[in-house]
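# Remarks on the overall topology
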Amino acid sequence: MKRHILIFALTMFSSVLNAQSLNLIPYPQKVTELSSTFQVKKGAWLYSSNAGYKRELNYLNSELGSKGNNKQLLKIIVDPFIGKPGSYQLNTTAKKISITAADKAGVFNATITLLQLYRSAKSNGTYVTLPGLRITDEPRYEWRGFMLDESRHFFGKQTVKNLLNWMAFYKLNRFHWHLTDAQGWRVEIKKYPLLTKVGGIGNFTDSTATAQYYTQQDIKEIVAYAKRRNIEVVPEFDMPGHATAANKAYPQYSGGKVTGFDDFTFNPGKEITFQFVADVLKELKPLFPDGRIHIGGDEVFMGIKAWDNNQDVKALMTEKGFTDKQQAEAYFLKRVADTVTKLGYKVMCWDEAVAANLPVNNVIINWWRQNKPEALTQALSSGYQVILSPRLPMYFDFVQDSTHVSGRKWDGRYNTYLDVYHFPENSLTKDVYENKKVIGVQANLWTETVVTKNRLYYLVFPRMAALAESGWTIGDSKNDVLFNSSLKAHLDYYKAAGIYYYNPFNPTENIEAVDVKPKAGAQD
Ligand code: ACM
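All values derive from a computational prediction rather than experimental measurement.

### Examining the pattern of salt bridges
Counting across every chain of the model gives 22 salt bridges. In this structure, lysine 305 engages aspartate 308 in a salt bridge whose closest nitrogen and oxygen atoms are separated by 3.6 Å. Owing to a relative accessible area of 31%, aspartate 308 belongs among the partly exposed residues under this scheme. Its salt-bridge partner being lysine 320, residue glutamate 319 comes within 3.7 Å of it at the nearest N-O pair.

Below you can see the structure in the form of C-alpha cells.
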C-alpha cells in the first residue's frame, strides 16, 4: 500500500516538473505528454492547406520570425462542436502539428500556445524540438480584459501596440480604452475639433502639456492591430461625470461648478447636451466596429452638487417630478444608453449604473467597487452581464509589494501578482464567479501615478501574466509552484523585450519606478 502511494506521489511530482518546463501561461486545462517530439526547422513558415486561417498564421509566423524559405505544414480543422468559443486542441506528435478549434479565436489561442512552446523549447541552431503533447484547452471566461487610462497620462501608439502584443501572448482578448476623463480628451471627433485641440491639452501632472490625442486614423490602425491579435477594442467615453476636459472645450454642455470639481459633469437639463453626446457616439461607432461602447457612469457624486445651482437641471427635475439629483443622473444615463442601443451597439458601464435601471438586455456592468458587494449582487439579480474588475485585486495602479511607496492601497491592502492569479476564488463565492451572467474578468490601469513607460510596465508586469490565469484557468487547476516556475521563464522574455518589470523573486532586480511621489496619507 505504502509503495503505491509513493509511486503515485513520484508520478505526480514528475508530471509537475515536466509541466513546469513547458512554461505555458495561462496553463491549459489538460495536457498529456507524449514520449515523442516534433522538430520544427528554425525559421520555417508554418502554413495550412486551409486558406481561411491566414491572419492567425501570419501572426504566428511573424512572432516566430519565420522567413518563408522553408515551409512546414500545420493541419487545422475548425469544428464548432469541440467546445465553447475560443477552445481548441493542439497535438504535437512525431509526424505533425494539428489544431482542432471551435472557431477562429480557438485557432488563434492554439497558435499562441504553440508560440509559447516554441519560445521555451530546446534548439540546436537548425531545429527547435517541441515536446510531444496532446492539449485540450478552453477559456474559463469569454471576457479577459485589460483597461488602460490614457486621459491621466498619454502613452501613444507604440506603447499601446506593445501592450496589445503582450495581451495576445496571454490570450487576453478585450482592450478597454479609457480615452476621456477630467485630465484630457484623447480621441479626434471631427464635428467637435476643440475636444482634442483644447480638451487634449494637459494631463494629471502637467495641466499645460501640449495636446495629445489619437487621430481617427490612429484609432483605426490600433483597432486593426488589435484584431490581428484576437483582441476587441472598447472605447470609453466617460459621462456624465469625469467630463471636465470636454467641458473645457465646449463649456455650453457643463453641468456647472463646485469646489474641487469645476465642470466635472455634463448638463442633463439641456437638449443640446444630448445632441452633442449623440454626435460623438455616432463618430465613435465606425472607429470601433467590435460593437461596444463604454459610457462610464462612475463617481458622478463627486461633481453632482453643481446641479443644485443649475437652472436647467432644476427645470428638468420639476418637469419630470424628480425628487433627487440621482434621478437626473439616471435619466442622463438612460438616454445615452438608449442612443448607443439605437446605434446597434452594446452598452458598457461602471457599476454605479446599476442604480439607473438601464435595460438589462443590452448592458454590461463593470463591477469595480469591491467595498460595495451589494452592487455586484444587484447587477446579477437584475440580470445584467457582469465583468469582475474590483479594485482589490484588479487595479494595477495599486502597489504590488509591501515595500512599494507609490500607488494606491485600500485599508493598507494592495495587489500582489498572486492575489491576481487567485482571483476570483480568493475574493468571491462560487455562486458568483460561476454565475452564467459573469462573463469575465478585467484589470484596470489608472494612470494618475504613471508618467513614464518604465512605471507603466513595472505595474503591468508580471501582473498581466497572473491576469491571464485569472481569466483562463479554473480555480482547482491553479498551482503556485507551476505558475511561479513558468513566470520565471516569462521574466526572461520581458527582459529580452526591454520591459521594465517587477521581479517578485528578486525584488531588487529592478527598483520601483516612481513617477509621482505620493502625498502623505494619500494612498487610499
Ligand atoms: C473607477 O475607478 N472610477 C471606475
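### Here we look at the sheet that holds strand 12 (residues 232-239)
If you walk around this closed barrel you meet the eight strands as 8-9-12-13-14-15-16-17, and the pairing is parallel. Each strand of the sheet is rotated relative to its neighbour by a mean of 30°, with strand direction disregarded. In the sheet, strand 9 (residues 174-178) pairs with strand 12 via five bridges, with the strands oriented parallel. Residue pairing in the sheet places histidine 178 in a bridge with glutamate 236 of strand 12.

### What about the environment of lysine 519?
Within the fold, lysine 519 resides in the segment after helix 17 (480-496). Sequence separation between lysine 519 and threonine 449 is 70 residues, and the spatial gap between their C-alpha atoms is 11 Å.

### Things to note about the packing of helix 8 (residues 271-287) against helix 10 (residues 325-342)
Two elements in contact, helix 8 and helix 10, have axes separated by 10 Å at closest approach and are oriented at 35°. At the point where helix 8 passes helix 10, the crossing takes the right-handed sense. Of the residues in helix 10, those in contact with Glu271, Thr273, Phe274, Val277, Ala278 and Leu281 of helix 8 are Tyr331, Phe332, Arg335, Val336, Thr339 and Val340. In terms of residue class, the contact of helix 8 with helix 10 is made up of eight nonpolar, two polar and two charged.

### Some details on the environment of phenylalanine 237
With respect to the helices, strands and loops of the structure, phenylalanine 237 is situated in strand 12. When sequence neighbours within four positions are dropped, the list of residues in contact with phenylalanine 237 reads Thr180, Trp185, Phe266, Phe276, Val277, Val280, Leu281, Leu284, His294, Ile295 and Gly296.

### Overview of the side chain of serine 470
Mapped onto the elements, serine 470 comes out in helix 16 (residues 463-472). What makes serine 470 buried here is its relative accessible area of 0%. Engagement of the side chain of serine 470 in a polar contact is seen with the backbone oxygen of phenylalanine 423, the distance being 3.1 Å. Not counting residues up to four positions away in its chain, the partners in contact with serine 470 are Arg140, Tyr141, Met394, Val420, Tyr421, Phe423, Pro424, Val441 and Lys478.

### Side note on helix 8
Over its 17 residues, helix 8 runs 25 Å from end to end, which matches the ideal 24 Å to within 8%, given 1.5 Å per residue. Those residues of helix 8 lying buried are Thr273, Phe274, Phe276, Val277, Ala278, Asp279, Val280, Leu281, Glu283, Leu284 and Leu287.

### Focus: the packing of aromatic side chains
Scanning all chains against the criterion turns up 36 aromatic pairs. Here tryptophan 166 and phenylalanine 169 contribute two aromatic rings whose centre-to-centre distance is 5.5 Å and whose plane-to-plane angle is 80°, an arrangement assigned as edge-to-face. Of the two residues, tryptophan 166 and phenylalanine 169 both sit in helix 4 (residues 157-169), three residues apart, roughly one turn of that helix. Given a relative accessible area of 9%, tryptophan 166 falls into the buried group. For phenylalanine 169, a relative accessible area of 3% corresponds to the buried category. For the ring pair phenylalanine 274 and phenylalanine 332, a centre distance of 5.4 Å and an interplane angle of 40° mean the geometry is tilted. Of this pair, phenylalanine 274 sits in helix 8 while phenylalanine 332 sits in helix 10, and the two are 58 residues apart along the sequence. By the burial criterion, phenylalanine 274 is buried, and phenylalanine 332 matches it. Through successive ring pairs, a cluster of aromatic residues spans Trp185, Tyr192, Phe237, Tyr250, Tyr253, Phe266, Phe274, Phe276, Phe322, Tyr331 and Phe332. Over the ring of tyrosine 47 we find lysine 71, and its NZ or CZ is 5.7 Å from the ring centre.

### With respect to unusual backbone geometry
In this structure, the amide linkage connecting isoleucine 25 to the following residue, proline 26, adopts the cis form with an omega of -5°. Mapped onto the fold, proline 26 is located in the loop between helix 1 (2-22) and strand 1 (30-41). Look at the link from phenylalanine 423 to proline 424: it is a cis peptide, with omega at 5°. For proline 424, the position within the fold is in the loop between helix 13 (417-421) and helix 14 (430-433). Although it is not a glycine, asparagine 23 adopts a positive phi angle of roughly 55°. Among the structural elements, asparagine 23 can be located in the loop between helix 1 and strand 1. The class of asparagine 23 is buried, set by a relative accessible area of 11%. One non-glycine residue, asparagine 357, lies in the positive phi region at around 55°. Checked against the element boundaries, asparagine 357 lands in the loop between strand 14 (346-350) and strand 15 (363-367). The exposed category is assigned to asparagine 357, whose relative accessible area is 57%.

Rules used throughout
Residues numbered from 1 in each chain as written. Predicted model: local features only at pLDDT ≥ 70, side-chain atom pairs only at ≥ 80, totals over all residues. Heavy atoms only, no water. Salt bridge = Lys/Arg side-chain N within 4 Å of Asp/Glu carboxyl O. Buried < 20%, exposed > 50% of the residue type's maximum accessible area, 1.4 Å probe, protein only. Pairing = 2+ DSSP bridges. Helix = DSSP H or I, 4+ residues; strand = E, 2+ residues; numbered from the N terminus. Axes fitted to C-alpha atoms, helices over the stretch in contact; angles between N-to-C directions. Left-handed = near helix turned anticlockwise from the far one by under 90°. Contact = heavy atoms within 4.5 Å. Nonpolar A, V, L, I, M, F, W, Y, C, P; charged D, E, K, R; others polar. Polar contact = N/O pair within 3.5 Å; in protein donor to acceptor, adjacent residues only side chain to side chain. Expected span 1.5 Å × (residues − 1). Phe/Tyr/Trp six-rings, centres within 6.5 Å; stacked < 30°, edge-to-face > 60°. Lys NZ or Arg CZ within 6 Å of the ring centre and 35° of its normal.

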